[in-house]
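Survey of secondary and tertiary structure
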Amino acid sequence: MSYSPYSSAPRPGPLRRAWSVVDSTRRFIFNLIFLVLLIGFVVLLLTPSGVKLREKTTLVINFDGRIVEQRAGNPRDQLIGELSGEEAKQVQLRDIVRALEAAAKDDKITAVLLRFEGLSGSGLTMLREVGGAIERFKTSGKPVYAWAPGYEQADYYVAAHANEVYSHPMGGVLLQGYGRYRNYYKEALDRLGVQANVIRVGKFKNFGEPYFTKGPSKETLESDKFLYDGLWATYLADVEKARKFPAGTLTSYIDQSIERLKAAGGNGGKMALDAKLVTGLKTPDELRAQLIEKGALDEDKKTFRQVNLGQYLSTLKRPAMGDGIGVIVAEGNIIDGSAPPGTVGGRSTAELIRKARQDEKIKAIVLRVNSPGGSAYGSELVRRELELARKDGKPVVVSMGAVAASGGYWISLAADEVIADAATITGSIGVFGMLPTGEKAMEKISVYTGGYTTTWLGAAMYDPRRPLDPRMVEIVQLGIGDIYKEFMSRAAAARKTTPEKIDEVAQGRVWTGAQAKDLGLVDRVGTFADAIKAAQTRAKLEEKSPVTYIEAERSKLEQYLDLFSTRVASIVGTQLDARLPKSIALLNAPVVADVHRDLSWLSEIAERGQKTGVPFAAVTHCLCEAP
């Protein structure tokens, strides 16, 4: 019944009016989404399919964000990013490599331009893969140009492989080496009344260290020095070789940076040019003019004739079907159950391996690992499924990416062959558990806990509101110790040695891929392409046999139905950020993200044990990331 101000009918109550607003809003949102999808469908129908390449076209590859094995998030997240106008800050390594391989043979592609806007967090291994693809492209005789407003360290590694390297006159090249500084939370947690209660095996297993100390232990510093010195030596050697510099050129550039900058009048671009780190200094219009002169003019857009990475990939034919290699990507932290791309779900990744194992056209499996670890249980689910694939007669080759440590190393232990890059961060054979308690925090607000249980175990069971019972500590230590023994036993069996020998290089310590090869933790140093060739050889396949990525499929309906949950998460995140102390808000975003991530582990780890039916969660994580 409609309401009129002149009617004698009762006025709608506040709840009814509120529901009317909610209902109207709901209808508006659904109609808006339908309209957007309808417009998109019409545009798709009216837009000519495919990209038509013309002669003298330059392939432009923009590096902005991270190079990844697999795009993180599900299609829902990517769809929201597109609708909101946000560009994806990640590009798949396989896409770059495939495009460069095709462009080398494409008569219409006469040059490649690499543009940099900040290539962060990709890892040296990923950069080396891209550098190798650029070098292979250059054998075609076609030039590669690089340009950036200014080069950071990761940018410059890739750019160094170009024939000509240009920077904006106000830019330059920033090199600073490798290393890291962690946050240490012991005193902060003490003030809050929270105890981390870290229980670990392995003197180098320093994942939990930030929660119970005020600074790094000597073991941590020893391990970090050996690791980062090794990675930096690889970086220097690669760049100096690519740029044909004498050994020590980059070290001299860093050591004399103040004197060199003074000589250049404070101009970073001139400093880089004087040191011959760049070929020249060019503004965007000068670069554009050069590419038009060496290529061709696009009359419509008044710039050089070009095609971007996504457009060029759309012109390439899909690989031929037939007997071939199945590639499964294991990237991100390892959890027990299912997970979207960017995280390794123990169950979901095992299901992908099972799918490849049961596919008659997949004759061998390559597991591409880029993971610092996580759940020991989730890691074992993945390892076991690979073991079953080998029992079924399918060769398994592991290709290690930027990081394959702790749980990332565990899942690599059921392979016929393990190939790491020289710059891979691997090893970290160790286990820890963490049982945070906040009894003192509750006392601060005058809240106390009491009750009755029928057995001692019920009383000793982990409860974050109560002090940790020594008997519970003993139970966890025994469990952690058993999992460590299992880790070493599996590693020893895989590496054809003894647990005692593995223990000598284990203890939670991380190594570079080159160091791991010397220690017998991997079979050889090589690239992803080497892993594919190894799998083809073991499966007796031809070199040009198909390579198929085995990935989870999601229906369109699932993408649309999940759209709203992300909006809710966004609102919650905004509210959480608003409640951060103002002093924290003054720090830059990466610093806040680090603190948020580290402290989130306390609650996340406490919850993990409940899902596996044990009173604690065994974690195989290296707390390391690719520099």
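Residues numbered from 1 in each chain as written. Predicted model: local features only at pLDDT ≥ 70, side-chain atom pairs only at ≥ 80, totals over all residues. Heavy atoms only, no water.

Let's talk about the pattern of salt bridges
This model, assessed by the stated rule, comprises 30 salt bridges. In this structure, Asp274 and Lys270 form a salt bridge, with 3.1 Å as the shortest nitrogen-oxygen distance. In this pair, Asp274 and Lys270 are both assigned in helix H10 (residues 268-274), 4 residues apart and thus about one turn of the helix distant. When salt bridges with common partners are traced through the structure, they connect Glu380, Arg383, Arg384, Glu387, Glu486 and Arg490 into a single cluster. (Salt bridge = Lys/Arg side-chain N within 4 Å of Asp/Glu carboxyl O. Helix = DSSP H or I, 4+ residues; strand = E, 2+ residues; numbered from the N terminus.)

Things to note about the packing of helix H4 (residues 124-138) against helix H7 (residues 218-242)
Put simply, H4 and H7 touch, their axes get as near as 12 Å, and they point 15° apart. With respect to H7, the axis of H4 lies roughly parallel. Here the hand of the crossing between H4 and H7 comes out left-handed. Contact residues: H4 offers Leu124, Arg128 and Glu135, while H7 offers Leu231, Thr234, Tyr235, Asp238 and Ala242. (Axes fitted to C-alpha atoms, helices over the stretch in contact; angles between N-to-C directions. Parallel < 35°, antiparallel > 145°, perpendicular 65-115°, else oblique. Left-handed = near helix turned anticlockwise from the far one by under 90°. Contact = heavy atoms within 4.5 Å.)

Some points on the environment of Ile61
With respect to the helices and strands, Ile61 occurs in strand S1 (residues 57-68). Taking C-alpha positions, Ile61 is 6.2 Å from Arg115, a pair spaced 54 residues apart along the chain. When near neighbours in sequence (up to four residues on either side) are disregarded, Ile61 contacts Ile96, Leu100, Val112, Leu113, Leu114 and Arg115.

Describing the confidence of the model for the protein
Taken residue by residue, the protein gives an average pLDDT of 84. The fraction at 70 or more is 78%. Counted against residues more than four places away or in other chains, residues 1-9, with its pLDDT under 50, gives 5 contacts. In this model, residues 82-87 is a region of pLDDT below 50 whose contacts with residues beyond four sequence positions or in other chains number 3 contacts. (pLDDT = per-residue confidence, 0-100.)

Some remarks on the nonpolar core
Counting residues in each nonpolar core, the largest one holds 70 residues, and the members touching the most others are Tyr156 and Tyr235. The dominant element in this core, judged by the number of residues it contributes, is H7, at 8 residues. If sequence neighbours within four positions are ignored, Tyr235 has contacts with Leu124, Gln153, Tyr156, Tyr157, Leu175, Tyr178 and Leu250. Grouped together as the second largest cluster of nonpolar side chains are 51 residues, Ile199, Val476, Phe487 and Ala491 included. (Core = buried A, V, L, I, M, F, W, Y, C linked by side-chain atoms within 4.5 Å. Buried < 20%, exposed > 50% of the residue type's maximum accessible area, 1.4 Å probe, protein only.)

A closer look at the packing of aromatic side chains
Tallied over the full model, the rule gives 10 aromatic pairs. In this structure an aromatic cluster arises from ring pairing among Phe63, Phe116, Tyr151 and Tyr156. Note that Arg94 overlies the ring of Tyr549, its terminal NZ or CZ placed 3.7 Å from the centroid. (Phe/Tyr/Trp six-rings, centres within 6.5 Å; stacked < 30°, edge-to-face > 60°. Lys NZ or Arg CZ within 6 Å of the ring centre and 35° of its normal.)

Points about a nonpolar patch on the surface
Together, Trp456, Leu457 and Met461 line one region of the surface with nonpolar side chains, adding up to about 270 Å² of accessible area. Here Trp456 shows up in helix H17 (residues 456-460). On the basis of relative accessible area, Trp456 is assigned to the partly exposed category, the value being 45%. (Patch = residues over 30% accessible without salt bridge, like charges linked within 9 Å, V, L, I, M, F, W, Y side chains within 5 Å. Areas by Shrake-Rupley, 256 points an atom, 1.4 Å probe, with all protein chains shown as cover.)

Description of unusual backbone geometry
At Lys276, a position not held by glycine, the phi torsion is positive, near 65°. Within the element layout of this structure, Lys276 appears in the loop between H10 and strand S7 (280-281). For Lys276, a relative accessible area of 61% gives the class exposed. We note that Gln507 has phi near 60°; this positive angle belongs to a residue other than glycine.

Some details on the packing of helix H13 (residues 346-358) against helix H14 (residues 376-391)
How two helices sit against one another is set out by the angle between their axes and by the gap between those axes. One can describe the packing of H13 onto H14 by two numbers: an axis separation of 8 Å at closest approach and a directional angle of 10°. Here H13 is positioned roughly parallel relative to H14, judged by the angle of their axes. Along the contact surface, H13 presents Gly346, Arg347, Thr349, Ala350, Ile353, Arg354 and Arg357, while H14 presents Gly378, Leu381, Val382, Glu385, Leu386, Leu388 and Ala389. For the contact of H13 with H14, the class distribution of residues is 7 nonpolar, 3 polar and 4 charged. (Nonpolar A, V, L, I, M, F, W, Y, C, P; charged D, E, K, R; others polar.)

Let's talk about the side chain of Asp155
Within the secondary structure, Asp155 is located in helix H5 (residues 153-159). The buried charged residue Asp155 lacks any salt bridge partner; its closest oppositely charged side chain belongs to Arg115, at an N-O distance of 12 Å. At 3.1 Å, the side chain of Asp155 forms a polar contact with the backbone nitrogen of Glu152. (Lys, Arg positive; Asp, Glu negative; His and termini not counted. Polar contact = N/O pair within 3.5 Å; in protein donor to acceptor, adjacent residues only side chain to side chain.)

Details of helix H11 (residues 284-294)
Leu287, Gln290 and Leu291 are the residues of H11 that are buried. Down the axis of H11, the buried side of the element spans an arc of 95°, and every buried residue falls inside it. Next to the buried residues of H11 lie strand S3 (109-119), strand S4 (144-148), strand S5 (164-167) and strand S9 (303-304). (Arc of directions from axis to C-beta.)

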